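Working through the structure, step by step
Residues per chain, in single letters:
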Amino acid sequence: MRRAEETVALSRPPRAVPSASVGSALVAWFDRSRRPLPWRRSHDPYSVWVAEVMLQQTRVAQAMPYYERFLARFPTVRSLARAPLPSVLKIWQGAGYYSRARNLHAAARQIVTERRGIFPQTVDELETLPGVGPYIARAIAAIAFDLPVVALEANGRRVAARWWAERGDVRSTAVTKRLVQDLEGVLPRRHPGRFNEALMELGETVCLPSHPDCPRCPVQEHCRAYAILDDPGSLPRRRRRPPRPHVVAAVVVVESGGRYLVQQRAPTGLLGGLYEFPGGKLEPRESPRTAARREWREEVGSPAPGLTYVGVVHHAYSHFTVELHAFGGRIPLQARPPPQSSQAWVRPEELMQLPLPKATEKIAEMLGIVSDRRAREPSRRRPSG
Ligand code: SF4
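Residues numbered from 1 in each chain as written. Predicted model: local features only at pLDDT ≥ 70, side-chain atom pairs only at ≥ 80, totals over all residues. Heavy atoms only, no water.

Details of unusual backbone geometry
Under the convention used in this document: Put simply, DSSP H or I for four residues or longer makes a helix, DSSP E for two residues or longer makes a strand, and each gets a number counted from the N terminus.
Between Leu235 and the following residue, Pro236, the backbone shows a cis peptide bond with an omega angle of -10 degrees. Examined against the element boundaries, Pro236 turns out to sit in the loop between helix H13 (224-228) and strand E1 (246-256). Phi is positive for Tyr97, close to 45 degrees, though the residue is something other than glycine. In this structure, Ala165 takes a positive phi of about 45 degrees despite not being glycine. If you trace the backbone, Ala165 turns up in the loop between helix H10 (154-163) and helix H11 (173-186).

Re the site of the ligand
Inclusion rule: Definition of nearness: a residue and a molecule or strand are near each other if at least one heavy atom of the residue lies within 4 Å of the molecule or strand. Lys, Arg, Asp and Glu make up the charged group, whereas Ala, Val, Leu, Ile, Met, Phe, Trp, Tyr, Cys and Pro make up the nonpolar group; the residues left over, Gly among them, are polar.
Taken together, the residues surrounding the ligand are Arg162, Trp163, Cys207, Pro212, Cys214, Cys217, Gln220, Cys223, Tyr226 and Pro232. In terms of residue class, the shell around the ligand is made up of eight nonpolar, one polar and one charged.

Thoughts on the packing of helix H4 (residues 60-73) against helix H6 (residues 85-92)
Rules: To obtain each axis, a line is fitted to C-alpha atoms, and for helices this fit is confined to the stretch in contact; angles are then taken between N-to-C directions over 0 to 180 degrees. Roughly parallel here means an angle under 35 degrees, roughly antiparallel means over 145, roughly perpendicular means 65 to 115, and every remaining angle is called oblique. In what follows, residue pairs with any heavy atoms lying within 4.5 Å of each other are defined as contacts.
For the pair H4 and H6, interaxial distance at closest approach is 9 Å and the crossing angle is 150 degrees. One finds that H4 runs roughly antiparallel with respect to H6. For the pair H4 and H6, the contacting residues are Tyr66, Arg69, Phe70 and Arg73 in the first and Ser87, Val88, Lys90, Ile91 and Trp92 in the second. The residue inventory of the contact of H4 with H6, partitioned by class, reads five nonpolar, one polar and three charged.

Quick notes on the packing of aromatic side chains
Selection rule: Two rings from Phe, Tyr or Trp (for Trp, the six-membered ring) form a pair when their centres sit within 6.5 Å of each other. Planes less than 30 degrees apart are called stacked, planes more than 60 degrees apart edge-to-face, and all others tilted. For a lysine, the NZ atom is tested; for an arginine, the CZ atom; a charge sits over a ring if that atom is within 6 Å of the ring centre and within 35 degrees of the ring normal.
Per the counting criterion, the structure on display carries eight aromatic pairs. Aromatic side chains Trp39 and Tyr67 sit 5.3 Å apart centroid to centroid with 85 degrees between the ring planes, which places their arrangement in the edge-to-face category. Taken as a pair, Trp39 in the loop between helix H2 (22-33) and helix H3 (45-55) and Tyr67 in helix H4 lie far apart in primary sequence, 28 residues in all. Among the aromatic residues, those joined into a ring-pair cluster are Tyr46, Trp49 and Phe119. A cation over an aromatic ring shows up here: Arg336 above the ring of Trp345, its NZ or CZ 5.1 Å from the ring centre.

Some details on the nonpolar core
What counts here: In this description, a nonpolar core means a group of buried Ala, Val, Leu, Ile, Met, Phe, Trp, Tyr and Cys residues linked to one another through side-chain atoms lying within 4.5 Å. Three labels apply to residues, based on accessible area from a 1.4 Å probe with only protein chains included: buried if under 20% of the type maximum, exposed if over 50%, partly exposed otherwise in between.
Counting residues in each nonpolar core, the largest one holds 73 residues, and the members touching the most others are Tyr46, Trp49, Phe70, Leu80, Trp92, Phe277 and Leu351. For this core, the element with the most residues is helix H9 (residues 134-145), which contributes nine residues. Ranked by size, the runner-up nonpolar core spans 33 residues in total, among them Trp29, Ala160, Val170 and Val219.

Some words on the domain arrangement of the protein
Which entries qualify depends on this criterion: An automatic or database domain assignment provides the domain bounds reported here. Buried area: the sum, over both parts, of the accessible surface (1.4 Å probe) that disappears when the two are put together. A pair is scored as a salt bridge if a Lys or Arg side-chain nitrogen falls within 4 Å of a carboxyl oxygen belonging to Asp or Glu. Identification of polar contacts relies on pairs of N or O atoms within 3.5 Å, with a donor-acceptor requirement for protein atoms, meaning one able to donate a hydrogen and the other able to accept it, and with residues adjacent in sequence counted only if both atoms are side-chain atoms.
Per the domain assignment, the segments making up the protein are domain 1 (2-234) and domain 2 (246-366). Each partner contributes residues to the interface: domain 1 has seven residues there, and domain 2 has 15 residues. Between domain 1 and domain 2, the buried area comes to about 900 Å², and carbon and sulfur atoms account for 56% of it. For the pair domain 1 and domain 2, the number of links is zero salt bridges. On the surface where domain 1 and domain 2 come into contact, there are seven residue pairs in polar contact (both at pLDDT 80 or more). Only H6 and helix H7 (98-115) provide two or more residues apiece to the side of domain 1 that touches domain 2. Of the residues forming the side of domain 1 that touches domain 2, the biggest block, three residues, is contributed by H6. When the residues that make up the side of domain 1 that touches domain 2 are grouped by side-chain class, the tally is four nonpolar, one polar and two charged.

Points about H6
Within H6, seven of the eight residues are buried, leaving the element largely enclosed by the surrounding structure. For H6, the complete set of buried residues consists of Pro86, Ser87, Val88, Leu89, Lys90, Ile91 and Trp92. Note on H6: the residue one or two positions beyond its end, Gly94, has a positive phi of about 100 degrees.

Describing the pattern of salt bridges
Evaluated as defined, the whole model comprises 19 salt bridges. Between Arg35 and Glu201 there is a salt bridge, with its nearest N and O atoms 2.8 Å apart. Of this pair, Arg35 sits in the loop between H2 and H3 while Glu201 sits in helix H12 (residues 192-205); the two residues are 166 residues apart in sequence, bridging distant segments of the chain. Put simply, Glu350 and Arg347 hold a salt bridge, and the shortest N to O gap is 3.7 Å. Residue classification places Arg347 among the partly exposed positions, given a relative accessible area of 28%. When salt bridges that share partners are traced, they join Glu283, Glu286, Arg294, Glu295 and Glu298 into one network.

Section: the packing of H9 against H12
Across the interface, H9 lies against H12 with an axial gap of 7 Å and an inter-helix angle of 125 degrees. The orientation of H9 relative to H12 falls into the category oblique. Together, Tyr135, Ala142 and Ile143 of H9 and Pro192, Gly193, Asn196, Glu197 and Met200 of H12 make up the contact between the two elements. A class-by-class count of the residues in the contact of H9 with H12 yields five nonpolar, two polar and one charged.

Some points on the environment of Gln340
In this fold, Gln340 is placed in the loop between strand E6 (321-330) and strand E7 (343-346). Gln340 sits in the partly exposed class, given a relative accessible area of 40%. C-alpha separation for the pair Gln340 and Leu126, spaced 214 residues apart in sequence, amounts to 39 Å. Ignoring anything within four residues of it in the chain, the contact list for Gln340 reads Glu299 and Val300.

A short note on the confidence of the model for the protein
The criterion, for reference: For every residue, the predictor reports its confidence as pLDDT, a number between 0 and 100.
With 92% of its residues at a pLDDT of 70 or more, the protein has an overall mean of 90. Confidence, read as mean pLDDT per element, is least for helix H1 (residues 2-10) in the protein (41) and greatest for helix H5 (residues 77-82) (98).

Looking at a positive patch on the surface
The condition that has to hold: Grouping into patches uses exposed residues only, defined as over 30% relative accessible area, and leaves out salt-bridged ones; the cut-off is 9 Å for like charges and 5 Å for nonpolar side chains (Val, Leu, Ile, Met, Phe, Trp, Tyr). For every accessible area listed, the method is Shrake-Rupley and the probe measures 1.4 Å; residues are considered covered only by the protein chains on display. For the purpose of counting charges, residues Lys and Arg are taken to be positive, whereas Asp and Glu are taken to be negative. His and the chain ends are not included. For charged residues, the charge sits on one atom: NZ in Lys, CZ in Arg, CG in Asp, CD in Glu.
A cluster of basic side chains, namely Arg171, Arg239, Arg241 and Arg244, defines a positive patch on the protein surface. Its place among the elements puts Arg241 in the loop between H13 and E1.

Structural data, given as structure tokens:
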């Protein structure tokens, strides 16, 4: 039956538009069914901004504890601007994509120093903040200031692609532009912010990527994919992701007088600003032990002490997977090499107050330097030594 419908429907104009009442139907459903998520308690622009940044490339359930922790520690844009960057990275630890935290911090400082703490209110002004692109600017403008704009993220893009049975590449600029225009045509004038939230909510809870729950959908009658396809979940067409690169590295954990040597990564780039033990990637045909000795020599500027193999840690980051071979050693206090500019000899309790990549945290746990529980407790203290 649906096959026959599809044949008929495909002969219709390719871009038939869902009824304009789809917007109000969606908002009414949202008012009845929305989940009580922490970022919905307030529509103040700072909370909306933090939530939208945190939710980029992160699922709601995963982001929730980090959001609560971040807002508890930095409840206002001024408190965030005042904090040193390592404290911000520590609170962010585990949430991934650390450039987001660095940009939040830089943008908070910009708002406080250049705008006397007053949040920008237009899409154009919002886009001048570090890390704020078209989506986040539009989300803040719509949700916090109720401006009539469409903010299209992955969930909304998927829903819209199904409403209009879009067969093009939804990641392309041309298709995104078309979907935004389509959505602007059904945006309810009275509730643009709630419409945007509702669109995301529908994508998160009903119009799921592979298996949309169409029988439960409040706007089923407006959905062209539902009307014409056996499987509305086949749209939008999915691209196969390339496999993540795999990195094999050696890490050297050296203790001297009850302290461990750590170093801070460069402020930008992958895991930027986080602290880790000395070490690095294996060179072609190099063994982990040789790499460990070479890395120590290069980074510390003195020969490595006797090293014992401790074990291997595996971790999957968003952009790559790592396999870290850890080696332990000890240097007498009187022979301890002085730290280079980005390095510090820290006590175990200081180590766990620093922002650490997840894999470094796992190595510290494996070596018994800290307990698992302490590794997850952020604090405001800075390293010494
Ligand atoms: Fe998504 Fe199905 Fe609703 Fe269409 S009818 S919007 S495919 S859940």
